[in-house]
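The primary structure of each chain is shown beneath.
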Amino acid sequence: MKVIIIGAGLGGLCLAQGLRAAGIEATVHERDPDITARFQGYRIGLGERGDSALRACLPQALHPVLDAVKGDLAGERVRLNHRLERVSTDPPALAVAIDRHVLRHLLLSGIGAHVRFGKAFTGYDQLPGGGVRARFADGSSVDGDLLVGADGINSAVRAQLSPSTPVEDSGVRALIGRTPLTERFAALVPGFGTGVSDGEVAMMLGLMRFRVLPSVLNELAPELGLPGVGHYLRWVIMLAPGHPLLARPDLSMREIALELTRGWHADVRAVIEGADRDNSVLLSIRTVSPAERWPPGPVTLLGDAIHATSPSGGNGANTALHDADLLRRKLIDVRDGRVPPAGAVDAYETEMVSYGAEAVAHSLRELDRFRTPATAR
Ligand SMILES: Cc1cc2nc3c(=O)[nH]c(=O)nc-3n(C[C@H](O)[C@H](O)[C@H](O)COP(=O)(O)OP(=O)(O)OC[C@H]3O[C@@H](n4cnc5c(N)ncnc54)[C@H](O)[C@@H]3O)c2cc1C
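Conventions used here
- Every chain is numbered independently, its residues counted from 1 as its sequence is written.
- It should be noted that, the model being predicted, local features are given only for residues of pLDDT at least 70 and side-chain atom pairs only at 80 or more, the latter also being counted only at that level, while totals for whole chains, interfaces and linings use all residues.
- Here the side-chain values reflect all heavy atoms present in the structure, with hydrogen atoms and water set aside.
- Between any two strands, pairing holds if DSSP finds at least two bridges.
- Runs of H or I in DSSP of at least four residues are treated as helices and runs of E of at least two as strands, each being numbered from the N terminus.
- The salt bridge criterion pairs a side-chain nitrogen of Lys or Arg with a carboxyl oxygen of Asp or Glu, the two atoms within 4 Å.
- Three exposure classes are used, based on accessible area relative to the maximum for each residue type with a 1.4 Å probe and protein chains only: buried under 20%, partly exposed in between, and exposed over 50%.
- The definition of a polar contact used here is a pair of N or O atoms within 3.5 Å, where within protein one atom must be able to donate a hydrogen and the other to accept one, and adjacent residues in sequence count solely through side-chain atom pairs.
- Centre distance within 6.5 Å is the pairing criterion for rings of Phe, Tyr and Trp, where only the six-membered ring of Trp is used; planes under 30 degrees apart are then read as stacked, over 60 as edge-to-face, and the remainder as tilted.
- Ring-over charges, as used throughout, are those where CZ of Arg or NZ of Lys falls within 6 Å of the ring centre and within 35 degrees of the ring normal.
- To get an axis, fit a line to the C-alpha atoms, keeping to the stretch in contact for a helix; angles then go from 0 to 180 degrees between the N-to-C directions.
- Reported orientations rely on four angle classes, namely roughly parallel under 35 degrees, roughly antiparallel over 145, roughly perpendicular from 65 to 115, and oblique for the rest.
- What makes a crossing left-handed is the near helix being turned counterclockwise from the far one by less than a right angle; a clockwise turn instead makes it right-handed.
- What makes two residues a contact is simply this: any of their non-hydrogen atoms within 4.5 Å.
- Under the convention adopted here, Pro, Cys and the residues Ala, Val, Leu, Ile, Met, Phe, Trp and Tyr are nonpolar, Asp, Glu, Lys and Arg are charged, and Gly plus all remaining residues are polar.
- If even one non-hydrogen atom of a residue comes within 4 Å of a molecule or strand, that residue is called near it.
- Here the accessible surface of atoms and residues is derived via Shrake-Rupley with a 1.4 Å probe, and residues count as covered only by protein chains that are part of the display.

Per an unreviewed UniProt entry, the chain goes by the name FAD-dependent monooxygenase and belongs to Amycolatopsis minnesotensis.

Structure, rendered in C-alpha cells:
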C-alpha cells in the first residue's frame, strides 16, 4: 500500500512516522519550502490523548527525546488583577507543554527522505483502476492507493472532497505572544497558568520551560537537529469581533497589546515589550466542523483539515495526533489482510468525524468562557 500525505504539520508527520514504522510506504508533500518557514513556534498543551498517540507512532528510540523536550505544567491556576494582586485561585491541574516547532523537528527525525518540501497540492484525480493521483503546483504528480489531506484549516484536499464543509470565522482575534523567559517573568506564573484581567481585557500567561533545552539535546545527539529555542512565556489576549483596535492597520500586534494593557503593572507591560517579533502574531479564530460525510473512496482527511478547533479548546493538536494514530491502526489492519482498504478508511472516518465534531464544539464552548466584557462587546 502506498499512502500520499499532504501537509507536514503535526498530524501528517505523526501519521508518516507511524506508517513507516509499520512498514507501510508513506510520503509527505508540504507546500512550505522548508520546516522553518513562517510562524510555527507556539506552545501546545499535550494531554493523555495526544501524548499516547505520539508514543504509538514515534519509534521507541525517540521516546526519551520526546519526554526531555516537554515542559511540566503543575499547580494552581492563579487569577490576578492588572495590578498583579491575587483575585482567586483555581484548583491545581497537571499537564505537559510542548513547543510545536520543536515537535515538528522531532517528528521529522528518521523520515526526512520521505518528506518533500516545496510541493503545493492543487488537486487530485481518482484513477480508473483504483487509487488516486495527487497534483502539485510545480506540474508534478504522484500516484498512490490512499491520499490523506493533513493540510490544515484551509485544506485544498477538503475543498475538493467536501466542498460544502465551510470554514467559520468567529470574528474573535487573538494576540499570541512569545517572550524569552526571565526569572522576573517566571514569577508571574507560579503554577499551571495565570490569568490577568482589569475586568475589560484578559491576558493568559503560560510557561514553556523545557525539561532539557533542545540545544543541550543537540549536543548529545547532533542528528536530531532540533531548533535552538530557549525557555519562553506564552501569552494570549483575545479581542472581540469588530474591536476598534482591529481597524488600525498602522499598529503592530505588540502595539495593540500595549494599548490594551495601558496602566497595567510594569511586569506585564515588560512581557509584551520583550516579545519575540518573529513568533508573536495576530490570529483569526476560525473553525471547521465535519458537517457531512463524503462518498467513501481513496481520499480522506485528518486534523485541522476536517476539524479545526479554536485554540481556546487546547485540543486541536491532540485530536490531530489521535487521528494519525487511529488511521495508522486501521491501515495496519489492511496490511495484515483483516480489512479491505475501503472498509478501513470508512471505519476511521466514522469515528473521527464524531469525536472531531465534539472537539470543535468543546473549543467553541471554551471560547465563550474566555470572553471578557471586552471580547464580548
Ligand atoms: C496559538 C495556538 C495555540 C494552540 N494550542 C493548542 C494546544 O494547547 N493544544 C492543542 O491540542 N492544540 C493547540 N492548537 C491547535 C493545533 O496547533 C492544531 O490543531 C494542529 O497544529 C493541527 O495540526 P494539523 O497537522 O492538522 O495541521 P497544521 O499543523 O496546520 O499543518 C498543515 C500543514 O499543511 C501544509 N499545507 C497547507 N496547504 C497545503 C497544500 N496545498 N499543499 C501542501 N501542504 C499544504 C501547511 O503548510 C502545514 O505545514 C493551537 C493552535 C494555535 C494557533
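**Notes on the pairing of strand β5 (residues 86-99)**
For strand β3 (residues 43-46) and β5, the ladder comprises four bridges, and the chain directions are antiparallel. Note that in β5 the partner of Leu 46 across the bridge is Val 96. With antiparallel pairing between neighbouring strands as the criterion, strand β4 (residues 71-81) and β5 make up a hairpin whose turn holds four residues, including Leu 84 at a positive phi of roughly 70°.

**A short note on the pattern of salt bridges**
Taken as a whole and assessed by the stated rule, the structure comprises 26 salt bridges. Across the pair Asp 250 and Arg 248 runs a salt bridge, and its minimum N-O distance is 2.8 Å. Here Arg 328 and Asp 325 are joined by a salt bridge, their closest N and O atoms 2.9 Å apart. Of this pair, Arg 328 and Asp 325 both sit in helix α10 (residues 316-335), three residues apart, roughly one helical turn. Taking relative accessible area as the criterion, Asp 325 reaches 8% and is therefore assigned buried. One connected set of salt bridges, linked through shared partners, spans Asp 51, Arg 55, Asp 67 and Lys 70.

**Thoughts on the side chain of His 307**
In this fold, His 307 is placed in the loop between β16 (299-301) and α10. Within the local environment of His 307, its side chain forms a polar contact with the side chain of Asp 323, the two groups lying 2.6 Å apart.

**So, the packing of aromatic side chains**
Scanning the model with the defined rule gives one aromatic pair in all. With centroids separated by 6.5 Å and ring planes inclined at 80°, the aromatic side chains of Phe 121 and Phe 136 adopt a geometry described as edge-to-face. Of this pair, Phe 121 sits in strand β7 (residues 121-126) while Phe 136 sits in strand β8 (residues 132-136), placing them 15 residues apart in sequence. Of the two residues, Phe 121 and Phe 136, both sit in the buried class. The ring centre of Tyr 232 lies 4.5 Å from the NZ or CZ of Arg 178, which sits over that ring.

**Points about the sheet that holds β7**
One open sheet holds the three strands; their spatial order is β7-β8-β9, and the pairing between them is antiparallel. Of all the strands in the sheet, the pair left with one neighbour each is β7 and β9 (141-144). Averaged over all pairs of adjacent strands, the angle between strand axes in this sheet comes to 20°, irrespective of strand direction. Here β8 runs beside β9; their pairing, made up of four bridges, is antiparallel. Counterpart to Val 132 in the pairing with β9 is Gly 144.

**Structural notes on the packing of helix α1 (residues 10-21) against helix α4 (residues 100-108)**
Two numbers describe how α1 lies on α4: the axes approach to 9 Å, and their chain directions differ by 25°. Our classification of the angle between α1 and α4 gives roughly parallel. Our pair here, α1 against α4, has a crossing hand that is left-handed. Contacts between α1 and α4 involve Leu 10, Leu 13, Cys 14 and Gln 17 from the first element and Arg 100, Leu 103, Arg 104, Leu 106, Leu 107 and Leu 108 from the second. Across the contact of α1 with α4, the residue classes tally to seven nonpolar, one polar and two charged.

**Details of the pairing of strand β11 (residues 167-180)**
Each regular strand displays side chains that alternate between the two surfaces of the sheet. Of the strand pairs in this sheet, β11 and strand β15 (residues 281-288) are connected by seven bridges, and their pairing is antiparallel. Looking at the pairing, Asp 169 lines up with Arg 286 of β15. Across eight bridges, the pairing between β11 and strand β14 (residues 232-239) is antiparallel. Of the residues in β14, the one forming a bridge with Arg 173 is Leu 239.

**Comments concerning the site of the ligand**
Around the ligand there are 34 residues in total, and Glu 30, Tyr 42, Gly 45, Arg 100 and Asp 304 lie nearest to it. Residue Leu 10 places a main-chain N or O atom 3.3 Å away from an oxygen atom belonging to the ligand. A total of 1000 Å² of accessible area belongs to the ligand in isolation, and the protein chains cover 90% of it. For the shell around the ligand, the elements supplying multiple residues, two or more each, are α1, β3, α4 and α10. No other element matches the four residues that α10 contributes to the shell around the ligand. Here the shell around the ligand is composed, by residue class, of 13 nonpolar, 11 polar and 10 charged.

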